[in-house]
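Below, each chain spelled out in residue letters.
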Amino acid sequence: QVQLVESGGGLVQAGDSLRLSCSASGRTISSNNMGWFRQAPGKERESVAAISSSGGRTYYADSVKVRFAISRDNANNMVYLQMNSLKPEDTAVYSCAATNGPIWRLSDPQVYTYWGQGTQVTVSS
């Protein structure tokens, strides 16, 4: 069993940066592919970024490419999402998730087994 806890969200202005952290406990996540998802009010959950278990491969949604960067520290059981040049449309609850699913399905929330509770990110214009 894996427990995931996100932190680092908050209220920022457009153009600011935030770094989200996802701390895992229960067991190591070094063998799991990991993803960040977000859900805005009234909208479906969408994939933001994902990273392979080794960290060697990453995936980004078109809307965040160049601006966001996902990384992981397997030694400390952590996953990060660096968010730069934030826009009001980035406002959402951001959640991290763990999966044993294949690389080519990392944007699909259905393949993820473990989820955190989420952290709110609000970007004002």
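Scroll up to find the structure.
Residues numbered from 1 in each chain as written. Predicted model: local features only at pLDDT ≥ 70, side-chain atom pairs only at ≥ 80, totals over all residues. Heavy atoms only, no water.

Student: Help me understand the state of the cysteines, please; the structure alone is not making it clear to me.
Tutor: By definition, a disulfide is the covalent link that joins the sulfur atoms of two cysteine residues. Using the criterion set out here, one finds 1 disulfide in the structure. In this model, C22 is linked to C96 through a disulfide, with the two sulfur atoms separated by 2.0 Å. One quick way to see it: the torsion about the S-S bond of C22 and C96 is about 60°, and its sign makes the bridge right-handed. Of this pair, C22 sits in strand β3 (residues 18-25) while C96 sits in strand β9 (residues 92-99); the two residues are 74 residues apart in sequence, bridging distant segments of the chain. Taking the relative accessible area as the measure of exposure, C96 reaches 0% and is therefore buried. (Disulfide = S-S within 2.5 Å. Helix = DSSP H or I, 4+ residues; strand = E, 2+ residues; numbered from the N terminus. Buried < 20%, exposed > 50% of the residue type's maximum accessible area, 1.4 Å probe, protein only.)

Student: What should I look at first to understand the packing of aromatic side chains in this one?
Tutor: Aromatic ring pairs are described here by two measures, namely the spacing of the ring centres and the angle between the planes. Taken as a whole, this structure holds 3 aromatic pairs when the rule is applied. Each ring, one from F37 and one from W115, has its centre 4.9 Å from the other, and the planes form 50°; the classification is tilted. Placement of F37 in strand β4 (residues 33-39) and of W115 in strand β10 (residues 114-115) is noted, with a sequence separation of 78 residues between them. Residue class for F37 comes out buried when judged on its relative accessible area of 1%. Residue classification places W115 among the partly exposed positions, given a relative accessible area of 25%. In this structure, R45 is placed above the aromatic ring of W115, and the distance from its NZ or CZ to the ring centre is 3.9 Å. (Phe/Tyr/Trp six-rings, centres within 6.5 Å; stacked < 30°, edge-to-face > 60°. Lys NZ or Arg CZ within 6 Å of the ring centre and 35° of its normal.)

Student: What am I meant to see in the pairing of β9 here?
Tutor: Regular strands place their side chains on alternate faces of the sheet. For β9, the tally of buried residues reaches 7 of 8 residues, placing the bulk of the element in the interior. Note that β4 and β9 share 7 bridges and pair antiparallel. When the sheet's bridge partners are listed, M34 is paired in β9 with A98. Sheet analysis places β9 next to strand β11 (residues 119-124), joined by 3 bridges and oriented antiparallel. (Pairing = 2+ DSSP bridges.)

Student: I would appreciate a short explanation of the environment of R105 in the present structure.
Tutor: Here R105 lies in the loop between β9 and β10. As a C-alpha pair, R105 and A50 span 55 residues in sequence and 9.8 Å in three-dimensional space. In this structure the side chain of R105 is engaged in a polar contact, spanning 2.7 Å, whose partner is the side chain of D108. (Polar contact = N/O pair within 3.5 Å; in protein donor to acceptor, adjacent residues only side chain to side chain.)

Student: Where do I start with the environment of W115 in this structure?
Tutor: Linking W115 and V5, residues 110 residues apart in sequence, is a C-alpha distance of 8.5 Å. When neighbours within four sequence positions are excluded, W115 is seen to be in contact with L4, F37, R45, S95, C96, A97 and P109. (Contact = heavy atoms within 4.5 Å.)

Student: Just checking my understanding: could you explain the environment of W104 for this structure?
Tutor: Positionally, W104 belongs in the loop between β9 and β10. On the accessibility criterion, W104 (74% relative accessible area) is exposed. For the pair W104 and Y59, spaced 45 residues apart in sequence, the C-alpha separation works out to 9.5 Å.

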